[in-house]
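Summary of the model geometry
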Amino acid sequence: MRIGHGYDAHRLVPGRALILGGVSIPHEKGLLGHSDADVLTHAVMDALLGALALGDIGAHFPDSDPAYAGADSLCLLGRVVELVSGRGYRIGNLDATLLAQRPRLAPHIGQMRENLARVCGLPAGAVSVKATTEEGMGFTGREEGIACHCVCLLLPKCLEADTMV
Ligand code: MG
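This structure is a prediction, so every number in the text was calculated from the model and none was measured. (Residues numbered from 1 in each chain as written. Predicted model: local features only at pLDDT ≥ 70, side-chain atom pairs only at ≥ 80, totals over all residues. Heavy atoms only, no water.)

**Observations regarding the packing of helix H3 (residues 73-86) against helix H4 (residues 109-120)**
In contact at an axis separation of 9 Å, H3 and H4 are set at 40 degrees when each is read in the N-to-C sense. By the angle class used here, H3 and H4 are oblique. Helix-helix and strand crossings are classified by hand; for H3 and H4 the assignment is right-handed. Contacts between H3 and H4 involve Leu 74, Leu 77, Gly 78 and Val 81 from the first element and Asn 115, Leu 116, Arg 118, Val 119 and Cys 120 from the second. Residues belonging to the contact of H3 with H4 are distributed by class as follows: six nonpolar, two polar and one charged. (Axes fitted to C-alpha atoms, helices over the stretch in contact; angles between N-to-C directions. Helix = DSSP H or I, 4+ residues; strand = E, 2+ residues; numbered from the N terminus. Parallel < 35°, antiparallel > 145°, perpendicular 65-115°, else oblique. Left-handed = near helix turned anticlockwise from the far one by under 90°. Contact = heavy atoms within 4.5 Å. Nonpolar A, V, L, I, M, F, W, Y, C, P; charged D, E, K, R; others polar.)

The structure is reproduced here in structure tokens:
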């Protein structure tokens, strides 16, 4: 088995859409980035790549490449999932934590989980997304940005899928 950890943070700015886990969330600011700046999906990708010691998304999808301008991060995640499979692994589970003071993310968590699960080919029960504030502290607390951590477990594909809870 392999475990991986991913971390990402993006700045909140006016005039951008706020997209988390492929869900467009109504808010007066959105995340700044070369792609759609979906910080949750980026942390998931970095966890998957990290589990296989394959570097990070910056190495695979460089922000200097115009091909990734405004990219749908769920599409990029699909490519990372193919990479994982190509290496002989499948995803056991994902557990992500978003750090955001505002907006309130709870109403959108279910759709984020469904989106990530669909792209990863997992049941929603294998995809955990949580959100917390940092109680006004730090850059997330000041609403300067949103950050996300994710850990994942990869299993060799030769292990039966039904051994998974
Ligand atoms: Mg990012």
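**Topic: the nonpolar core**
By size, the foremost hydrophobic cluster in this structure holds 49 residues, and its most contacted members are Leu 48 and Leu 98. For this core, the elements supplying multiple residues, two or more each, are strand E2 (18-20), strand E3 (23-25), helix H1 (39-51), H3, strand E5 (89-99), H4, strand E6 (127-132) and strand E7 (145-156). Broken down by element, the residue count for this core peaks at nine residues, all from H1. Apart from residues lying up to four places away in sequence, Leu 48 is in contact with Leu 77, Val 80, Val 81, Val 84, Ile 91, Leu 94, Cys 152 and Leu 154. (Core = buried A, V, L, I, M, F, W, Y, C linked by side-chain atoms within 4.5 Å. Buried < 20%, exposed > 50% of the residue type's maximum accessible area, 1.4 Å probe, protein only.)

**Section: unusual backbone geometry**
Of note, the bond from Arg 102 into Pro 103 is cis; its omega dihedral lies within 30 degrees of zero at -5 degrees. Positionally, Pro 103 belongs in the loop between E5 and H4. Not every positive phi belongs to a glycine, and Ala 37 is a case in point at roughly 60 degrees. With respect to the element layout, Ala 37 can be found in the loop between strand E4 (29-31) and H1. Within the chain, Glu 135 stands out as a residue other than glycine whose phi angle is a positive 50 degrees. You can call Glu 135 exposed: its relative accessible area is 68%.

**Details of the pairing of strand E1 (residues 2-14)**
The pairing of E1 with E7 spans ten bridges and is classified as antiparallel. Note on E7: the bridge partner recorded for His 10 is Ile 146. Here three bridges tie E1 to E4, and the two strands are oriented antiparallel to one another. Of the residues in E4, the one forming a bridge with Pro 14 is Lys 29. (Pairing = 2+ DSSP bridges.)

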